[in-house]
Amino acid sequence: MANPLKIVVAGPIPRDTISTYENDIIMRYGCVTHPVIALAKLLDAEGVVVPVSNMHKKDEAGITAEFAPFKNIDLSGINTKEDSGTVILLDFKDQNNREEKQLACMNPIRPKHIKKHLDAAVFVFVPITDFEISLSTLKHIKKHSDATIVFDAHGATTAMDVKGHRHRKFWVDRDEWLPYIDVLKMNLEESQCMSFANEYEHEIPSIYDENATEHLDDLAKHVLKKGVSYFYVTMDSRGCILYSLQDNQLKKDWIASVKVDKVVDTTGCGDSFAGGLAYGFAKYDDPIKAGQFANILGARRTQGKNWDVFKTAEETENIRLQNYGE
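About the cut-offs
- Residues numbered from 1 in each chain as written.
- Predicted model: local features only at pLDDT ≥ 70, side-chain atom pairs only at ≥ 80, totals over all residues.
- Heavy atoms only, no water.
- 1 Å grid on protein atoms, 1.4 Å probe; cavity = no way out; pocket = protein on both sides within 12 Å on 5 of 7 lines; lining within 4 Å.
- Points joined across faces, edges and corners; volume = space filled by probe spheres on them.
- Helix = DSSP H or I, 4+ residues; strand = E, 2+ residues; numbered from the N terminus.
- Nonpolar A, V, L, I, M, F, W, Y, C, P; charged D, E, K, R; others polar.
- Patch = residues over 30% accessible without salt bridge, like charges linked within 9 Å, V, L, I, M, F, W, Y side chains within 5 Å.
- Areas by Shrake-Rupley, 256 points an atom, 1.4 Å probe, with all protein chains shown as cover.
- Salt bridge = Lys/Arg side-chain N within 4 Å of Asp/Glu carboxyl O.
- Lys, Arg positive; Asp, Glu negative; His and termini not counted.
- Charge placed at Lys NZ, Arg CZ, Asp CG, Glu CD.
- Buried < 20%, exposed > 50% of the residue type's maximum accessible area, 1.4 Å probe, protein only.
- Pairing = 2+ DSSP bridges.
- Axes fitted to C-alpha atoms, helices over the stretch in contact; angles between N-to-C directions.
- Phe/Tyr/Trp six-rings, centres within 6.5 Å; stacked < 30°, edge-to-face > 60°.
- Lys NZ or Arg CZ within 6 Å of the ring centre and 35° of its normal.

Participant: Give a description of the layout of surface pockets that names residues and reports values.
Facilitator: For the largest pocket, the calculated volume is near 1,300 Å³. Every residue lining the largest pocket is counted, 47 residues in all, and those nearest its centre are Asn 96, Asp 236, Thr 266, Cys 269 and Gly 270. Element by element, the count of residues in the lining of the largest pocket is highest for helix H8 (residues 269-284), at 4 residues. Here the lining of the largest pocket is built from residues that sort into 15 nonpolar, 19 polar and 13 charged. Taken as a whole, the second largest pocket encloses approximately 270 Å³ of empty space. Along the wall of the second largest pocket there are 15 residues; nearest its centre are Ser 76, Asn 79, Lys 81, Lys 112 and His 113.

Participant: Please provide a residue-by-residue account of a positive patch on the surface, values included.
Facilitator: A grouping of Lys 81, Lys 112, Lys 115 and Lys 116 is seen on the molecular surface, where their side chains present a positively charged patch. Checked against the element boundaries, Lys 112 lands in helix H3 (residues 111-114). Note on Lys 112: relative accessible area 45%, which makes it partly exposed.

Participant: Let's hear about the sheet that holds strand E2 (residues 15-19): which residues, and what values?
Facilitator: Strand order in the open sheet made by the 4 strands is E3-E2-E6-E7, with mixed pairing throughout. A strand with exactly one partner marks an edge of an open sheet, and here the two such strands are strand E3 (25-29) and strand E7 (98-104). The average angle at which neighbouring strand axes cross in this sheet is 15°, direction not considered. When E2 meets strand E6 (residues 87-92), the two strands line up parallel, connected through 5 bridges. The residue bridging Arg 15 from the neighbouring strand is Val 87, located in E6.

Participant: Could you give an account of the sheet that holds strand E13 (residues 230-234), naming the residues involved and the relevant values?
Facilitator: Read from one edge of the open sheet, 9 strands run E5-E4-E1-E8-E9-E12-E13-E14-E15, paired in mixed fashion. Every other strand in the sheet has two partners, leaving strand E5 (78-79) and strand E15 (249-256) as the edge strands with one partner each. With 2 bridges joining them, strand E4 (residues 48-54) and E5 adopt parallel strand pairing. When the bridges of E5 are listed, Asn 54 appears paired with Asn 79.

Participant: Please give an account of helix H1 (residues 33-43) that cites residues and values.
Facilitator: Of all 11 residues making up H1, 11 are buried, and the element is well covered by its neighbours. Among the residues of H1, Thr 33, His 34, Pro 35, Val 36, Ile 37, Ala 38, Leu 39, Ala 40, Lys 41, Leu 42 and Leu 43 are the ones counted as buried. Positive phi shows up at Asp 44, right after H1, with a value of about 45°.

Participant: Quick rundown of the packing of aromatic side chains? Include the residues and the values.
Facilitator: Summed over all chains, the structure comprises 12 aromatic pairs. For the ring pair Phe 123 and Phe 125, a centre distance of 6.2 Å and an interplane angle of 10° mean the geometry is stacked. Of the two residues examined, Phe 123 and Phe 125, each falls in the buried class. For the ring pair Phe 231 and Tyr 243, a centre distance of 5.9 Å and an interplane angle of 25° mean the geometry is stacked. Separated by 12 residues along the polypeptide, Phe 231 in strand E13 and Tyr 243 in strand E14 (residues 239-246) bring together distant segments of the chain. Put simply, the rings of Phe 123, Phe 125, Phe 151, Trp 171 and Trp 177 pair up and form one aromatic cluster. Looking at Arg 28, its charged tip hangs above the ring of Trp 307, at a distance of 6.0 Å from the centre. Across the ring face of Tyr 284, the terminal group of Lys 289 is positioned such that the distance to the ring centre comes to 4.4 Å.

Given below as C-alpha coordinates:
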(Lines give C-alpha, C1' and ligand atoms only; values in the text may rest on other atoms or scores of the structure.)
Protein backbone atom coordinates (compact mmCIF):
# COMPACT_ATOMS: atom_id res chain seq x y z
CA MET A 1 0.00 0.00 0.00
CA ALA A 2 1.51 3.32 -1.05
CA ASN A 3 2.03 6.08 1.42
CA PRO A 4 -0.54 8.61 0.10
CA LEU A 5 1.74 11.55 0.84
CA LYS A 6 5.13 10.27 -0.27
CA ILE A 7 6.28 12.04 -3.42
CA VAL A 8 9.48 11.33 -5.35
CA VAL A 9 10.97 14.14 -7.45
CA ALA A 10 13.53 12.79 -9.93
CA GLY A 11 15.91 14.68 -12.20
CA PRO A 12 19.05 16.79 -12.03
CA ILE A 13 19.98 19.22 -9.29
CA PRO A 14 22.15 21.56 -11.37
CA ARG A 15 24.55 24.06 -9.92
CA ASP A 16 23.00 27.11 -11.61
CA THR A 17 24.47 30.51 -12.35
CA ILE A 18 21.61 32.77 -13.47
CA SER A 19 21.84 36.21 -15.04
CA THR A 20 18.30 37.64 -14.74
CA TYR A 21 16.70 39.96 -17.30
CA GLU A 22 17.32 42.78 -14.80
CA ASN A 23 21.05 41.89 -14.75
CA ASP A 24 21.11 40.37 -11.27
CA ILE A 25 23.33 37.33 -10.75
CA ILE A 26 21.85 34.41 -8.80
CA MET A 27 23.84 31.30 -7.88
CA ARG A 28 21.89 28.35 -6.47
CA TYR A 29 20.94 24.71 -6.94
CA GLY A 30 18.02 24.38 -9.35
CA CYS A 31 15.55 22.07 -11.09
CA VAL A 32 14.59 19.30 -8.61
CA THR A 33 15.32 21.70 -5.73
CA HIS A 34 12.31 23.92 -6.56
CA PRO A 35 9.51 21.31 -6.40
CA VAL A 36 11.18 19.46 -3.53
CA ILE A 37 11.21 22.51 -1.24
CA ALA A 38 7.75 23.63 -2.38
CA LEU A 39 6.37 20.15 -1.62
CA ALA A 40 8.22 19.93 1.69
CA LYS A 41 6.47 23.11 2.82
CA LEU A 42 3.09 21.90 1.58
CA LEU A 43 3.31 18.43 3.11
CA ASP A 44 5.09 19.40 6.35
CA ALA A 45 4.26 16.70 8.92
CA GLU A 46 1.75 14.99 6.59
CA GLY A 47 4.23 13.44 4.22
CA VAL A 48 7.73 13.05 2.85
CA VAL A 49 9.50 14.27 -0.29
CA VAL A 50 12.33 12.24 -1.82
CA PRO A 51 14.67 13.97 -4.29
CA VAL A 52 16.32 11.41 -6.59
CA SER A 53 19.33 12.78 -8.40
CA ASN A 54 22.91 11.97 -9.42
CA MET A 55 25.36 14.65 -8.32
CA HIS A 56 28.98 15.69 -8.10
CA LYS A 57 30.60 14.78 -4.80
CA LYS A 58 31.63 18.38 -4.22
CA ASP A 59 27.97 19.48 -4.36
CA GLU A 60 26.69 17.00 -1.78
CA ALA A 61 27.40 19.22 1.24
CA GLY A 62 25.83 22.23 -0.46
CA ILE A 63 22.59 20.52 -1.41
CA THR A 64 22.39 18.80 1.99
CA ALA A 65 22.61 22.24 3.61
CA GLU A 66 19.97 23.57 1.19
CA PHE A 67 17.51 20.90 2.23
CA ALA A 68 18.48 20.81 5.93
CA PRO A 69 15.75 23.20 7.19
CA PHE A 70 13.05 20.84 5.93
CA LYS A 71 12.81 17.75 8.13
CA ASN A 72 10.48 15.87 5.77
CA ILE A 73 12.98 15.70 2.90
CA ASP A 74 14.46 12.20 2.62
CA LEU A 75 17.98 12.47 1.16
CA SER A 76 18.44 8.74 0.53
CA GLY A 77 17.87 9.31 -3.20
CA ILE A 78 20.89 11.62 -3.59
CA ASN A 79 23.67 9.64 -5.29
CA THR A 80 27.28 10.88 -5.61
CA LYS A 81 29.02 7.52 -6.15
CA GLU A 82 29.74 8.20 -9.82
CA ASP A 83 30.66 11.86 -9.15
CA SER A 84 28.40 12.88 -12.03
CA GLY A 85 26.24 16.00 -11.78
CA THR A 86 24.92 18.96 -13.75
CA VAL A 87 26.23 22.52 -14.13
CA ILE A 88 24.18 25.14 -16.00
CA LEU A 89 24.65 28.78 -17.04
CA LEU A 90 21.41 30.72 -17.73
CA ASP A 91 21.40 34.17 -19.34
CA PHE A 92 17.90 35.70 -19.48
CA LYS A 93 17.34 38.10 -22.39
CA ASP A 94 13.85 39.02 -21.16
CA GLN A 95 11.35 37.71 -18.63
CA ASN A 96 10.82 34.35 -20.37
CA ASN A 97 13.60 33.84 -22.93
CA ARG A 98 17.13 32.80 -22.11
CA GLU A 99 20.35 31.36 -23.51
CA GLU A 100 21.56 28.20 -21.84
CA LYS A 101 24.91 26.46 -21.57
CA GLN A 102 25.53 23.11 -19.90
CA LEU A 103 29.00 22.35 -18.55
CA ALA A 104 28.45 18.92 -16.98
CA CYS A 105 26.13 15.96 -17.58
CA MET A 106 24.80 13.71 -14.86
CA ASN A 107 24.39 9.97 -15.35
CA PRO A 108 20.82 9.00 -16.26
CA ILE A 109 18.41 8.02 -13.51
CA ARG A 110 17.87 4.29 -13.90
CA PRO A 111 15.67 1.73 -12.11
CA LYS A 112 18.28 1.09 -9.41
CA HIS A 113 18.04 4.72 -8.32
CA ILE A 114 14.32 4.56 -7.54
CA LYS A 115 13.81 0.95 -6.43
CA LYS A 116 13.72 1.86 -2.70
CA HIS A 117 10.84 4.26 -3.27
CA LEU A 118 8.28 2.26 -5.21
CA ASP A 119 5.82 2.83 -2.35
CA ALA A 120 5.48 6.50 -3.36
CA ALA A 121 2.08 7.85 -4.38
CA VAL A 122 3.56 10.01 -7.13
CA PHE A 123 6.80 10.11 -9.10
CA VAL A 124 7.40 13.48 -10.75
CA PHE A 125 10.17 13.58 -13.35
CA VAL A 126 11.69 16.97 -14.21
CA PRO A 127 14.56 16.33 -16.66
CA ILE A 128 16.15 19.34 -18.32
CA THR A 129 18.02 17.42 -21.05
CA ASP A 130 17.03 14.36 -23.05
CA PHE A 131 19.46 11.84 -21.55
CA GLU A 132 18.73 12.32 -17.83
CA ILE A 133 15.83 9.88 -17.35
CA SER A 134 16.00 6.35 -18.68
CA LEU A 135 12.82 5.00 -20.25
CA SER A 136 13.54 1.77 -18.40
CA THR A 137 12.92 3.66 -15.15
CA LEU A 138 9.36 4.58 -16.13
CA LYS A 139 8.77 1.02 -17.30
CA HIS A 140 10.06 -0.31 -13.98
CA ILE A 141 7.67 1.91 -12.01
CA LYS A 142 4.72 0.86 -14.16
CA LYS A 143 5.56 -2.80 -13.59
CA HIS A 144 6.30 -2.68 -9.87
CA SER A 145 4.29 0.23 -8.46
CA ASP A 146 0.83 1.82 -8.43
CA ALA A 147 2.35 5.31 -8.35
CA THR A 148 1.14 8.08 -10.64
CA ILE A 149 3.89 9.20 -13.02
CA VAL A 150 4.06 12.95 -13.74
CA PHE A 151 6.49 13.79 -16.55
CA ASP A 152 7.77 17.22 -17.62
CA ALA A 153 8.57 17.27 -21.35
CA HIS A 154 11.28 19.93 -21.03
CA GLY A 155 14.07 17.35 -21.02
CA ALA A 156 12.64 15.29 -23.85
CA THR A 157 12.55 18.37 -26.10
CA THR A 158 16.03 19.69 -25.21
CA ALA A 159 19.47 18.51 -26.35
CA MET A 160 23.01 19.79 -25.87
CA ASP A 161 25.78 19.92 -28.46
CA VAL A 162 29.47 19.17 -27.94
CA LYS A 163 30.11 22.81 -26.97
CA GLY A 164 27.54 22.62 -24.18
CA HIS A 165 25.00 24.79 -25.97
CA ARG A 166 21.42 23.70 -25.33
CA HIS A 167 18.93 23.50 -28.19
CA ARG A 168 15.31 22.61 -28.79
CA LYS A 169 14.72 19.25 -30.51
CA PHE A 170 11.76 17.30 -31.80
CA TRP A 171 10.59 14.55 -29.43
CA VAL A 172 10.73 12.02 -32.25
CA ASP A 173 10.44 8.89 -30.07
CA ARG A 174 7.52 10.27 -28.05
CA ASP A 175 5.34 7.21 -28.69
CA GLU A 176 7.88 5.01 -26.90
CA TRP A 177 7.40 7.10 -23.74
CA LEU A 178 3.72 8.05 -23.68
CA PRO A 179 2.31 4.64 -22.57
CA TYR A 180 4.38 4.93 -19.37
CA ILE A 181 3.31 8.48 -18.45
CA ASP A 182 0.10 9.20 -16.53
CA VAL A 183 0.32 13.00 -16.39
CA LEU A 184 2.25 14.86 -19.10
CA LYS A 185 3.17 18.52 -18.69
CA MET A 186 4.80 20.89 -21.17
CA ASN A 187 4.80 24.51 -22.29
CA LEU A 188 3.60 25.78 -25.66
CA GLU A 189 7.06 25.77 -27.22
CA GLU A 190 7.64 22.19 -26.12
CA SER A 191 4.25 21.20 -27.54
CA GLN A 192 5.45 22.41 -30.92
CA CYS A 193 8.44 20.08 -30.54
CA MET A 194 5.94 17.21 -30.44
CA SER A 195 3.98 18.40 -33.48
CA PHE A 196 6.25 17.74 -36.42
CA ALA A 197 5.43 17.07 -40.05
CA ASN A 198 6.16 13.82 -41.87
CA GLU A 199 8.32 15.87 -44.21
CA TYR A 200 9.27 19.51 -44.65
CA GLU A 201 9.95 21.31 -47.93
CA HIS A 202 13.22 23.23 -48.10
CA GLU A 203 13.22 24.58 -44.53
CA ILE A 204 11.70 23.74 -41.15
CA PRO A 205 9.77 26.76 -39.83
CA SER A 206 10.46 28.32 -36.46
CA ILE A 207 8.99 26.10 -33.76
CA TYR A 208 7.85 28.86 -31.42
CA ASP A 209 4.92 31.18 -31.90
CA GLU A 210 3.02 32.10 -28.73
CA ASN A 211 -0.16 32.51 -30.77
CA ALA A 212 0.12 29.15 -32.53
CA THR A 213 -2.24 26.85 -30.67
CA GLU A 214 -4.12 25.23 -33.55
CA HIS A 215 -2.00 22.08 -33.23
CA LEU A 216 -2.90 21.43 -29.59
CA ASP A 217 -6.21 19.57 -29.95
CA ASP A 218 -4.78 17.04 -32.42
CA LEU A 219 -1.65 16.64 -30.31
CA ALA A 220 -3.79 16.09 -27.22
CA LYS A 221 -5.85 13.40 -28.96
CA HIS A 222 -2.66 11.59 -29.93
CA VAL A 223 -1.10 11.87 -26.47
CA LEU A 224 -4.23 10.67 -24.67
CA LYS A 225 -4.88 7.78 -27.03
CA LYS A 226 -1.31 6.57 -26.42
CA GLY A 227 -2.10 6.12 -22.74
CA VAL A 228 -1.57 9.46 -20.97
CA SER A 229 -4.51 10.24 -18.66
CA TYR A 230 -4.04 14.01 -18.25
CA PHE A 231 -2.19 16.42 -20.54
CA TYR A 232 -1.33 19.94 -19.35
CA VAL A 233 -0.01 22.70 -21.63
CA THR A 234 1.16 25.85 -19.89
CA MET A 235 0.65 29.19 -21.63
CA ASP A 236 3.11 31.39 -19.69
CA SER A 237 1.29 34.08 -17.71
CA ARG A 238 -2.11 33.16 -19.16
CA GLY A 239 -2.60 29.86 -17.37
CA CYS A 240 -2.77 26.28 -18.61
CA ILE A 241 -4.99 23.95 -20.64
CA LEU A 242 -5.90 20.54 -19.25
CA TYR A 243 -6.82 17.86 -21.77
CA SER A 244 -8.43 14.53 -20.91
CA LEU A 245 -10.76 11.99 -22.49
CA GLN A 246 -14.37 11.71 -21.34
CA ASP A 247 -16.46 8.98 -22.96
CA ASN A 248 -13.68 8.73 -25.53
CA GLN A 249 -14.20 12.39 -26.47
CA LEU A 250 -11.62 15.14 -26.01
CA LYS A 251 -12.34 17.27 -22.94
CA LYS A 252 -10.60 20.62 -22.54
CA ASP A 253 -10.47 22.66 -19.32
CA TRP A 254 -8.93 26.11 -19.03
CA ILE A 255 -7.25 26.85 -15.68
CA ALA A 256 -6.47 30.56 -15.42
CA SER A 257 -3.16 31.76 -14.04
CA VAL A 258 -2.54 33.29 -10.63
CA LYS A 259 -1.68 36.93 -11.26
CA VAL A 260 1.42 38.52 -9.74
CA ASP A 261 2.42 42.18 -9.58
CA LYS A 262 6.09 41.81 -10.51
CA VAL A 263 8.17 38.94 -11.86
CA VAL A 264 11.59 38.68 -10.21
CA ASP A 265 12.91 35.41 -11.67
CA THR A 266 11.18 32.72 -13.75
CA THR A 267 13.86 30.04 -13.27
CA GLY A 268 12.25 26.92 -11.88
CA CYS A 269 8.67 27.90 -12.71
CA GLY A 270 8.08 24.83 -14.85
CA ASP A 271 9.65 22.55 -12.25
CA SER A 272 7.51 24.15 -9.54
CA PHE A 273 4.41 23.71 -11.72
CA ALA A 274 5.17 19.99 -12.00
CA GLY A 275 5.50 19.85 -8.21
CA GLY A 276 2.05 21.41 -7.88
CA LEU A 277 0.61 18.70 -10.14
CA ALA A 278 2.21 16.04 -7.96
CA TYR A 279 0.69 17.58 -4.83
CA GLY A 280 -2.77 17.82 -6.36
CA PHE A 281 -2.77 14.19 -7.47
CA ALA A 282 -1.14 12.82 -4.29
CA LYS A 283 -3.42 14.63 -1.85
CA TYR A 284 -6.67 15.12 -3.76
CA ASP A 285 -6.49 12.89 -6.87
CA ASP A 286 -8.16 15.80 -8.65
CA PRO A 287 -6.80 16.99 -12.04
CA ILE A 288 -8.44 20.43 -11.81
CA LYS A 289 -7.12 21.10 -8.31
CA ALA A 290 -3.76 19.74 -9.43
CA GLY A 291 -3.67 22.34 -12.23
CA GLN A 292 -4.64 25.06 -9.78
CA PHE A 293 -1.89 24.13 -7.32
CA ALA A 294 0.54 23.90 -10.25
CA ASN A 295 -0.34 27.43 -11.37
CA ILE A 296 0.08 28.69 -7.80
CA LEU A 297 3.52 27.16 -7.32
CA GLY A 298 4.66 28.41 -10.73
CA ALA A 299 3.49 31.91 -9.89
CA ARG A 300 5.01 31.84 -6.41
CA ARG A 301 8.38 30.83 -7.84
CA THR A 302 8.54 34.12 -9.78
CA GLN A 303 8.24 36.22 -6.62
CA GLY A 304 11.77 36.13 -5.27
CA LYS A 305 15.24 34.66 -5.22
CA ASN A 306 14.92 32.44 -2.13
CA TRP A 307 12.62 29.73 -0.81
CA ASP A 308 10.37 32.08 1.16
CA VAL A 309 8.25 32.34 -2.00
CA PHE A 310 6.74 28.91 -1.26
CA LYS A 311 4.06 28.77 1.42
CA THR A 312 2.48 26.27 3.82
CA ALA A 313 -0.49 24.12 2.83
CA GLU A 314 -2.89 26.45 4.67
CA GLU A 315 -1.47 29.58 3.04
CA THR A 316 -1.42 27.94 -0.39
CA GLU A 317 -5.01 26.74 0.00
CA ASN A 318 -6.03 30.32 0.84
CA ILE A 319 -4.38 31.48 -2.38
CA ARG A 320 -6.26 28.77 -4.26
CA LEU A 321 -9.61 29.76 -2.78
CA GLN A 322 -8.99 33.46 -3.49
CA ASN A 323 -8.21 32.73 -7.13
CA TYR A 324 -10.44 29.77 -7.95
CA GLY A 325 -13.11 29.55 -5.24
CA GLU A 326 -14.24 26.14 -4.07
